[in-house]
Amino acid sequence: MTARRAAVACALLLPRVAWAADPMLARRGVPAAAIVIAPTAKPDEKLAAAELQEYVRKISGATLPIALSDRRTSVIPSVRIGVFGQAPVEAWKGEKPAPDAFSVETSGNELYVVGGDTRGSLYGTYELIERALDVRWFMPGELGEDVPAQATLPLPRVKFAKGPAFGHVSGIIWGGGPGTEAWELRMRGKVGPPEAFGHNWHNVLPFTPQNFAANPEWFAEVGGVRGQSPQLCTAHPDIVRFSVEAARRYFDRNPDSPLFSLSPNDGYGFCEDARCRAVDALYGGGAGVLSDRFVHYGNEVLAQLATTHPGKQVGIYAYATHVNPPNRARPAPGYATMVAKMPWEFCHVHALADPACGPNRRFLSYMQGWNSVVAHSGIYEYYGHFFVSATWPIVHSLRRDIPLYHQMGIERFITESQQHWATQGLNLYVTAKLLWDPKADVDLLLDEYYKRFYGKAATAMRRYWGRWEEAMIATAAHGDGGYEWLRVFTNPLVAETGGYLVEAERAAADDSEKVRRRVAFVKVGHGYTEAWTQIIEAGLRGDVAGARAWGDEAIRRGRATAGMVPQPVYVYIVESQTPYLVYLASLGVPPWVSLRYP
Ligand SMILES: [Zn+2]
Ligand SMILES: [Zn+2]
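Below is a summary of the structure that appears in this document. All of these numbers come straight from a predicted model, not from anything done at the bench.

Of note, the bond from Ala87 into Pro88 is cis; its omega dihedral lies within 30 degrees of zero at 0°. Note that Pro88 resides in the loop between strand E5 (78-83) and strand E6 (102-107). Looking along the chain, the bond that leaves Val565 and enters Pro566 is cis, with omega of -10°. The topology assignment puts Pro566 in the loop between helix H18 (544-559) and helix H19 (571-586). The phi torsion at Arg28 lies on the positive side, around 45°, for a residue other than glycine. Residue position: Arg28 is located in the loop between strand E1 (24-27) and strand E2 (30-31). Phi is positive for Arg188, which is not a glycine, with a value near 60°. Residue placement: Arg188 occurs in the loop between helix H5 (180-186) and strand E13 (190-191). The exposure class of Arg188 is buried, given its relative accessible area of 5%.

Dropping the structure here:
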């Protein structure tokens, strides 16, 4: 509004120039501007131009030309996308943005999208599309996006600069799935240079018959026997040497990566031999000593690595048996960790800072302990469940946890997230937003989400998701395990929430086809949740045949979603985990008891 008024004022004072008074992107569906990138543009800059072109076309019908020019074209308005100091944004004068960060500013006839690097220019373009062109990506795929229609589109008058809140985010999409990679980029869900911080000992020394035969002592001794566990004996000097060599090979192939992962293979079975116990004894032994042992090992690798690759990090998860901070070992400056908030041990029903939650008090003390000794801290979260494809509404807790992680100065963030978009997708949307704006007003965010995603069905859908969250919170009386919340799955609650979906369908009947499809999409997730609940209920009343029949039905309903974009429930998880739930039900022990952490 201000800009328009200013433009009118100028028109009174200056001789009229056809384009100058009111620069436009599109006029009545006809292109009125160009997108400019450098002739040497990298893939991220080319993608930025293509995405801007695509969304302006979806909004206005006009396909803006993409010009490869390093000269200033002053004939028509332009959106210039590039890296700070380089063509075609070299004329923009301002402070250089950091990597992944950007400044976006309109100056006269030109709109500059200036990245600290090529990724920053792409993220600046997405921020522009979202903030100034009012597009939303609530979910992957065409069904998830909300695009306004406007045939006449002024060149946005903007000025903003922004960078990610966390130093490193390894994505919000973990299990993959159709359409999800594009969504993750649009939500700016990857931050920092690429790295592979995961279970990785199989890349140091694979547990093969040949390697075991070459020297059994390289592998863990468990219960007096070697050859049963694929874990390594980290006190063996050869293992330290192999680790250094593997790190060197990795960094030579990936010079931009800051970190090599030395995280053990998944699971348990760590070495109990005399060599490893001697290392444990250096740190006093007792609870938490496995963490001391791994810090000791990581430090040894770092010391040798520094002769060829100074400044690089090694990373070891704080996970399972070694989630607690070390007793006495002190990580060297290049040591990085990610503390895993395993849902089978800790709690996602309560916020981390909730003093009434015992498991989370324990987890918070672990995080604080690691934070006080390690230079590179990280959090490994689980916001899309690896076992439960049914509803898992934890927005009420993650909206408090992510700001806390940020406040604690956590450097790395990852969420393991399976693609259950019809049952758990809102977790991932809110996560993506909070990772850039930990102080965002989540109530406003949710208001907008319900209004724009569900249209006339907003009130009923809000009741639907709100009821699940409320019921989750009501399961909160838990003792020593993280799975008490499975009590949420009862037939009356499924029936009640199903009623809200019927209301939503009725309300959506005179809304757009897209809104109706979104409600139908959630209904698919509710159908799976119903079958999952029936398995549990059958188990509780000792009806093994019923549990099996509902297990088959759950898999049938899950498989029926194959190929949908995005995945309402992740078929792989449905197929692999439903039989396990049926097995638990057949034991006649409630799953929240059978899954209790030992
Ligand atoms: Zn050992
Ligand atoms: Zn709790």
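Picking up where we left off.
What follows covers the coordination of the zinc ion (ligand 1). Surrounding the zinc ion (ligand 1) are the protein donor atoms Cys233 (SG), Cys271 (SG), Asp273 (OD) and Cys276 (SG), which sit 2.2 to 2.4 Å from the metal. For the zinc ion (ligand 1), the four donor atoms are set out with angles of 91 to 121° between them, so the coordination reads as tetrahedral. Mapping the donors of the zinc ion (ligand 1) onto the primary sequence gives the spacing C-x37-C-x1-D-x2-C. Comparing Cys271 with Cys276 shows no difference in burial state: the two are buried.

Turning our eyes to something else, we now look at a nonpolar patch on the surface. Where nonpolar side chains cluster on the molecular surface, the patch consists of Tyr580, Tyr583, Leu587, Val589 and Val593 and spans about 430 Å² of accessible area. Note that Val589 resides in the loop between H19 and helix H20 (591-594).

The next subject is the pairing of strand E3 (residues 34-37). Because side chains alternate across E3, one face comprises the buried residues Ala34 and Val36, and the other comprises Ile35 and Ile37, equally buried. Here E3 runs beside E5; their pairing, made up of three bridges, is parallel. Looking at E5, one finds that Ala34 is bridged to Ser78. Strand direction decides the pairing type here: E3 and strand E4 (residues 66-68), joined by three bridges, are parallel. Counterpart to Ile37 in the pairing with E4 is Leu68. Each parallel crossover has a hand, and for E3 linked through helix H2 (residues 43-60) to E4 it is right-handed.

What counts as what
- Residues numbered from 1 in each chain as written.
- Chains lettered and ligands numbered in written order.
- Predicted model: local features only at pLDDT ≥ 70, side-chain atom pairs only at ≥ 80, totals over all residues.
- Heavy atoms only, no water.
- Helix = DSSP H or I, 4+ residues; strand = E, 2+ residues; numbered from the N terminus.
- Buried < 20%, exposed > 50% of the residue type's maximum accessible area, 1.4 Å probe, protein only.
- Donors = N, O, S within 2.8 Å, 3.2 Å for Na, K, Ca; no water.
- Tetrahedral: all angles 85-135°; square planar, octahedral: opposite > 155°, others 65-115°.
- Patch = residues over 30% accessible without salt bridge, like charges linked within 9 Å, V, L, I, M, F, W, Y side chains within 5 Å.
- Areas by Shrake-Rupley, 256 points an atom, 1.4 Å probe, with all protein chains shown as cover.
- Salt bridge = Lys/Arg side-chain N within 4 Å of Asp/Glu carboxyl O.
- Pairing = 2+ DSSP bridges.
- Right-handed = clockwise from strand over helix to strand, strands pointing away.

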